[in-house]
Amino acid sequence: MNDYKTTEIESLISLDMFDWSSLFAISIVDLQSFEVVYINNAMKTIMANSNAKNCWEAKYGLQSPCMWCKAQELINKAKLTTNDSQSEQYATYENFNEGANKWYQIQEKLTELKNGHQYLISFALDISIQKEAQSQFINSHVQLRQKTLALEEARKQLKIQATQDPLTGLYNRRYLQDVSQKLINLARREKQDLSVIMLDIDKFKNINDSYGHGTGDAVIKRLASLLQKYSRKSDVISRIGGEEFAILLPNTSKKGAYGVAMKITEMVGKQKVKINKTDSLPFTISSGIDGVDLESDQNLDAALTRADSAMYQAKTTGRNKVILND
């Protein structure tokens with residue numbers, strides 16, 4: 001303490017506040033000298049040095065004013081206030097006291113006595129339990145969010161695995177069957193053609209036997225890339241097994257599908273897949289074309305069978321060709 005009269009200092013705090021002194025750590029600082037002129041027992045327990053002169057030394061053990069000090073901010077607010085009823089200015093913030101290893105919510109009030117001295121009254125409430133609970137809640141929320149994202153990603157991957165061929169990234173037979181029924185219903189409703197291309201890599205077993213499955217996979221992936229390049233976005237390209245592929249072409253006649261298949265066959269014939277540093281392997285395909293009979297076909301199976309039969313005819317009559325099933 002110092003020479004200030006206790007009654008003068010205590011008049012800055014109501015008796016109600018003293019009754020709550022066990023909950024609130026209270027300090028009063030003279031803003032002319034920055035001396036701590038009053039502290040209660042709760043404040044003493046968290047102060048770095050209650051005998052030090054300046055508030056930053058006494059309260060926090062610092063060698064210079066606290067960088068978070070609100071005193072000047074409150075003084076500036078007071079200068080802008082002309083209404084006597086608003087002469088007391090407040091600031092509320094949170095602070096972590098490293099010495100006490102606790103979080104405090106601090107409310108500071110600027111007030112002026114009749115003697116002209118300005119005082120900063122600080123009320124500090126220990127909110128460590130609340131901060132810990134908040135931290136645990138945030139951690140739990142983050143963990144829950146991470147688990148939710150992981151679950152969403154797992155579901156996404158399962159959906160991809162259920163609909164895509166892992167080697168080529170094209171749709172698989174299951175997806176083709178699922179989406180074909182929707183396209184057949186749409187074609188019936190809109191009275192539009194719906195055609196299908198079945199195609200197969202020629203002599204693929206010989207490729208695997210002669211050059212290995214790695215080369216065979218490279219041939220399959222090259223063909224898949226060409227199918228995507230020379231098909232429309234509305235077309236459904238599917239690897240339905242081994243070296244066999246199917247393309248479902250909405251709003252396309254059998255003649256139109258034949259033109260697409262011929263273009264793909266021509267482009268495939270220009271391709272070569274490297275098998276070593278010096279040698280490359282050409283390959284060809286055979287294709288069969290048919291359309292979905294919207295009057296009698298209940299699903300895609302019958303059209304696939306007819307297109308497959310046409311493809312087999314292309315293979316048995318010389319390969320590297322397209323057969324349109326009339």
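Because the structure is a prediction, the values reported are computed rather than measured.

(A) Representation of the environment of Ser-234. Inspection of the secondary structure puts Ser-234 in the loop between helix H9 (213–229) and strand E8 (236–241). Note on Ser-234: relative accessible area 42%, which makes it partly exposed. As a C-alpha pair, Ser-234 and Leu-199 span 35 residues in sequence and 19 Å in three-dimensional space.

(B) Structural detail: helix H8 (residues 204–211). Those residues of H8 that sit buried are Phe-204, Ile-207 and Asn-208. Looking straight down H8, one finds its buried side chains confined to an arc of 95°; they lie on one side. In H8, the exposed residues that point more than 90 degrees away from the buried face are Lys-205, Asp-209 and Ser-210. Along its buried surface, H8 packs onto strand E7 (194–201), H9 and strand E11 (280–282). Note on H8: the residue one or two positions beyond its end, Gly-212, has a positive phi of about 95°.

(C) Layout of the side chain of Asn-95. Residue placement: Asn-95 occurs in strand E3 (residues 89–97). The class of Asn-95 is buried, set by a relative accessible area of 9%. Look past the residues within four positions of Asn-95 in its chain and what remains in contact with it is Tyr-60, Trp-68, Lys-102, Trp-103, Tyr-104 and Ile-106.

(D) Spatial organisation of helix H5 (residues 71–80). Those residues of H5 lying buried are Ala-71, Leu-74 and Ile-75. Projected down its long axis, H5 shows its buried positions confined to an angular sector of 105°, all on one face. On its buried face, H5 is in contact with E3, strand E4 (102–112) and strand E5 (118–126).

(E) Quick peek at the packing of aromatic side chains. Tallied over the full model, the rule gives 5 aromatic pairs. Consider the rings of Phe-24 and Phe-123, whose centres lie 6.4 Å apart with planes at 85°: the pair is edge-to-face. Of this pair, Phe-24 sits in strand E1 (residues 24–30) while Phe-123 is found in strand E5, placing the two residues 99 residues apart along the sequence. In this structure Phe-24 comes out as partly exposed when scored by relative accessible area, which is 23%. Taking the centre distance of 5.0 Å and the plane angle of 85° together, the rings of Tyr-60 and Trp-68 count as edge-to-face. Positioned above the aromatic ring of Tyr-93 is the side chain of Lys-70, whose terminal nitrogen or guanidinium carbon lies 5.0 Å from the ring centre. Over the ring of Trp-103 we find Lys-131; its NZ or CZ atom is 4.5 Å from the centre of that ring.

(F) Geometry of the sheet that holds strand E6 (residues 171–172). With mixed pairing, 6 strands are arranged side by side in an open sheet as E6-E8-E9-E7-E12-E13. Two strands bound the open sheet, and with one partner strand each, they are E6 and strand E13 (322–324). The sheet contact formed by E6 and E8 spans 2 bridges and is parallel. From the neighbouring strand, Asn-172 faces E8, where its bridge partner is Arg-239. H9 contacts E7, E8, strand E9 (244–250) and strand E12 (285–291) of the sheet and is inclined by roughly 155° relative to E7. The sheet contacts of helix H11 (residues 301–316) involve E7, E9, E12 and E13, and relative to E12 the element is tilted by about 145°.

(G) Here's a closer look at the nonpolar core. With 26 residues, the main nonpolar core has Ile-201 and Leu-223 as its most contacted residues. The element that contributes the greatest number of residues to this core is H9, accounting for 6 residues. If we skip the residues at most four places from it in the chain, Ile-201 touches Ile-207, Val-219, Ile-220, Leu-223, Glu-243, Phe-245, Phe-283, Thr-284, Ile-285 and Lys-315. Residues Ala-71, Ala-91, Leu-110 and Ala-124 belong to the second largest nonpolar core, which totals 24 residues.

Definitions and cut-offs
- Residues numbered from 1 in each chain as written.
- Predicted model: local features only at pLDDT ≥ 70, side-chain atom pairs only at ≥ 80, totals over all residues.
- Heavy atoms only, no water.
- Helix = DSSP H or I, 4+ residues; strand = E, 2+ residues; numbered from the N terminus.
- Buried < 20%, exposed > 50% of the residue type's maximum accessible area, 1.4 Å probe, protein only.
- Arc of directions from axis to C-beta.
- Contact = heavy atoms within 4.5 Å.
- Phe/Tyr/Trp six-rings, centres within 6.5 Å; stacked < 30°, edge-to-face > 60°.
- Lys NZ or Arg CZ within 6 Å of the ring centre and 35° of its normal.
- Pairing = 2+ DSSP bridges.
- Axes fitted to C-alpha atoms, helices over the stretch in contact; angles between N-to-C directions.
- Core = buried A, V, L, I, M, F, W, Y, C linked by side-chain atoms within 4.5 Å.

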